Amino acid sequence: MNEIERRRTFAIISHPDAGKTTLTEKFLLFGGQIQVAGAVKNNKIRKTATSDWMDIEKQRGISVSTSVMEFDYLPDGMSGEPYKVNILDTPGHQDFAEDTYRTLTAVDSAIIVIDAARGVQAQTRKLMEVCRMRNTPVIIFINKMDREGRDPFDLLDELEKELKIHVVPLSWPIGEGMHFQGVYNIFEHQLNLFTPDKQRVTQKVSVDIKSGDLEKHVGERGAEQLREDLELIEGVYPEFDEKSYRSAETAPVFFGSALNNFGVQELLDCFVQIAPCPGATKAEERIVVPQEPKFTGFIFKITANIDPNHRSCIAFCKICSGKFVRNTPYWHVRLGKTVRFSSPAQFMAQRKSTVDEAWPGDIVGLPDNGIFKIGDTLTEGENLHFKGLPSFSPLLFKYIENNDPMKSKQFHKGIEQLMDEGVAQLFISQFNNRRIIGTVGQLQFEVIQYRLEHEYNAKCRWDPIHLYKACWIESDDAAELDDFKKRKYQYMAKDREGRDVFLADSSYMLNMAEQDFKHIRFHFTSEF
């Protein structure tokens, strides 16, 4: 119980460029995992961000894959055992949204980062919907307060309206942009004064709001404004209630500047105290609770080539119950056989260390020689299936061809491994046997091409194909299904599991097919 209660597993999510990766860096700085914080877009600092370790991420200054990091943390002034924090830094770019959706199945809570100048953006809304579907509690961090932004009250109104959740401010900014002086921490009743410094931490001052001490620190205008704002907050927003936060009804809001280390420690201190420890996970057969003595876990992500010197894949397993022990035989449900792991690892982005045991909430990297697929379950013998790791119907399609006949082995292996990772989806056309790659966004084609060339030494070329949508089909009427496949022969394909996929080239064609064949079910996600 003690091990479960000190675990905090969460994802950092946001629209691109709101400052997710920078916030992750600062968390690692406070957790003592790194001595100097790197930067995502850096000219002067030679160190790139810890969590963006792929070459393509360093070049573009964006995250293209979720990275896993863990550290121990105990807030100042608290005694006892430190909290064990597991962070998943997710890609913000919508082309990699599927990776982020899958990551959200493996966490107990989330921190949403919002840009103070831009407010709520499209991708943030989508991610919030996924959190709502799963009842994941969220904390909101409004970043970049040291730049000219919008009025804090306007931002809170927008959050309530756009994200459909009640908000409770737990810290409040004094001024903004050029006049930003700091924040008042409502959760701890302390004043935090702002000094722009990327490497050091700001000073905290305990101050009585009603006394004249406040003027000494923030001047008369600042003090007057703060008192007015706090009165308004008391009148308008409910008091913070841990229960309603954990049941995902309200979202606490913090203000700060991740780049300048400001407001980050307050967020982390409050987060480890109020965030939920690992909870129950829903399997198809039953609900799995973390306190069960027997081990269960599922694979939510696979990454190839974490270490460029070893062409190995790592499967990330979220532990749901019991205790994971190294070298113990576990039951692989889909393959129906036992497997054991001699070198399971825990991660700090790209650095890994071997782990002997792990507890619910932890994320363990298991060496994968091709035995895992996303969504696989490991248990101590029970046949369980965890749901909720869908592949969505792709929006863009291209034929992929091997550009160098001498390298066909590398080309095939590269595609196999990248598809296992869930970077994109592969369909084989039954009409001409060509491979079709389906993705959610254009950027994924570039990532596939780049990684094939740099990680597998294989070159590919793309040929255009005009398609509207891919949908999985099934039917209880075998004769009708057979008739459909014959009539639509040139639009039929198989996915990697060997399931039938219908590739419609227009919405009209899809509607006609749905009308003409009444007993065929068309699915737009791969889980049915």
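Here is what the cut-offs are and how they apply
Residues numbered from 1 in each chain as written. Predicted model: local features only at pLDDT ≥ 70, side-chain atom pairs only at ≥ 80, totals over all residues. Heavy atoms only, no water. UniProt positions renumbered as here; feature names shortened; annotations may be inferred. Helix = DSSP H or I, 4+ residues; strand = E, 2+ residues; numbered from the N terminus. Buried < 20%, exposed > 50% of the residue type's maximum accessible area, 1.4 Å probe, protein only. Contact = heavy atoms within 4.5 Å. Polar contact = N/O pair within 3.5 Å; in protein donor to acceptor, adjacent residues only side chain to side chain. Pairing = 2+ DSSP bridges. Right-handed = clockwise from strand over helix to strand, strands pointing away. Axes fitted to C-alpha atoms, helices over the stretch in contact; angles between N-to-C directions. Phe/Tyr/Trp six-rings, centres within 6.5 Å; stacked < 30°, edge-to-face > 60°. Lys NZ or Arg CZ within 6 Å of the ring centre and 35° of its normal. Salt bridge = Lys/Arg side-chain N within 4 Å of Asp/Glu carboxyl O. Expected span 1.5 Å × (residues − 1).

By the naming in an unreviewed UniProt entry, the protein goes by Peptide chain release factor 3 and is assigned to Segatella cerevisiae. Per UniProt, the protein has the following entry under Sequence similarities (unreviewed entry): "Belongs to the TRAFAC class translation factor GTPase superfamily. Classic translation factor GTPase family. PrfC subfamily."

> Describe the overall build of the protein, and please don't skip the residues or the numbers.
From N to C terminus, the protein includes 13 helices and 31 strands. Counting the 528 residues in the protein, one finds 57% classified as buried. Here the contacts in the protein between residues at least 6 apart in sequence split such that 71% fall between residues at least 24 apart.

> So what's going on with the side chain of serine 321? Residues and values would help.
With respect to the element layout, serine 321 can be found in strand E15 (residues 313-321). Under the relative-accessibility criterion, serine 321 is labelled buried at 0%. A polar atom in the side chain of serine 321 sits 2.9 Å from the backbone oxygen of lysine 294. Side chain to side chain, serine 321 and threonine 296 meet in a polar contact 2.8 Å long. Apart from residues no more than four positions distant in its own chain, serine 321 is found in contact with Val288, Val289, Pro290, Glu292, Lys294, Phe295, Thr296 and Pro360.

> I'd like a description of the pairing of strand E4 (residues 109-115), backed by residues and values.
Most of E4 sits out of view: seven of its seven residues are buried. Residues Ser109, Ile111, Val113 and Asp115 of E4 are buried on one face, and the alternating residues Ala110, Ile112 and Ile114, pointing to the opposite face, are buried as well. Across five bridges, the pairing between strand E1 (residues 7-14) and E4 is parallel. Residue pairing for E4: phenylalanine 10 is matched across the bridge by serine 109. With respect to chirality, the unit in which E4 leads through helix H5 (residues 122-134) into the neighbouring parallel strand E5 (residues 138-143) is right-handed.

> Please provide a residue-by-residue account of the sheet that holds strand E24 (residues 396-402), values included.
Taken together, eight strands build an open sheet; the order of strands is E27-E24-E26-E25-E29-E30-E28-E31 and the sheet is antiparallel. Every other strand in the sheet has two partners, leaving strand E27 (460-464) and strand E31 (520-523) as the edge strands with one partner each. Averaged over all pairs of adjacent strands, the angle between their axes in this sheet comes to 40 degrees, without regard to strand direction. Bridge count between strand E25 (residues 425-429) and strand E26 (residues 435-439): four bridges; the pairing is antiparallel. Considered in E26, the bridge of leucine 426 is made with isoleucine 437. Across the sheet, helix H11 (residues 442-456) touches E24, E26 and E27, and the angle it forms with E24 is around 15 degrees.

> Describe in detail the packing of aromatic side chains, supporting the description with residues and values.
Enumeration over the complete set of coordinates arrives at 15 aromatic pairs. Plain terms: the ring middles of phenylalanine 295 and tyrosine 330 are 4.5 Å apart, the flat faces sit at 45 degrees to each other, and that makes the pair tilted. Taken together, the residues span a long stretch of sequence, with phenylalanine 295 in the loop between strand E13 (287-288) and strand E14 (296-304) and tyrosine 330 in strand E17 (residues 330-332) at a distance of 35 residues. Looking at phenylalanine 295, the relative accessible area reads 0%, which means it is buried. Residue classification places tyrosine 330 among the buried positions, given a relative accessible area of 2%. Taken together, the ring pairs in this structure connect Phe484, Phe502, Phe517 and Phe522 into an aromatic cluster. Here lysine 398 stacks its cationic end above the ring of phenylalanine 445, 4.6 Å away from the centre of that ring. Here the guanidinium or amino end of arginine 434 rests over the ring plane of tyrosine 399, the centre of that ring lying 3.9 Å away.

> Tell me about helix H2 (residues 20-30), and name the residues and values.
Counting buried positions along H2 yields 11 of 11 residues, so the element is predominantly enclosed. Within the span of H2, buried status applies to Lys20, Thr21, Thr22, Leu23, Thr24, Glu25, Lys26, Phe27, Leu28, Leu29 and Phe30.

> Which residues make up the pattern of salt bridges, and what values go with them?
Where charged atoms of side chains with opposite charge meet at close range, the side chains can pair. Under the defined criterion, the tally for this structure stands at 25 salt bridges. Arginine 434 serves as the salt-bridge partner of glutamate 401, at 2.7 Å between the closest nitrogen and oxygen. Residue glutamate 401 is found in strand E24, and its partner arginine 434 is found in the loop between E25 and E26; the two are separated by 33 residues along the sequence. Residue class for arginine 434 comes out partly exposed when judged on its relative accessible area of 26%. In this structure, the salt-bridge partner of aspartate 500 is lysine 494, at a minimum N-O distance of 2.9 Å. We classify aspartate 500 as buried; its relative accessible area is 12%. The partly exposed category is assigned to lysine 494, whose relative accessible area is 27%. Counted as one network, the salt bridges with shared partners bring together Glu401, Arg434, Arg461 and Asp463.

> Just give me the short version of H11, but keep the residues and values in it.
Between its first and last C-alpha atoms H11 spans 21 Å; for 15 residues at 1.5 Å apiece the expected length is 21 Å, and the two agree. In the stretch just after H11, asparagine 457 is the one whose phi turns positive, near 60 degrees.

> Describe the side chain of arginine 7, with residues and values.
With respect to the helices and strands, arginine 7 occurs in strand E1. With residues up to four places along the chain from it excluded, the contact list for arginine 7 reads Lys84, Asn86, Pro276, Cys277, Pro278, Trp359, Pro360 and Asp362.

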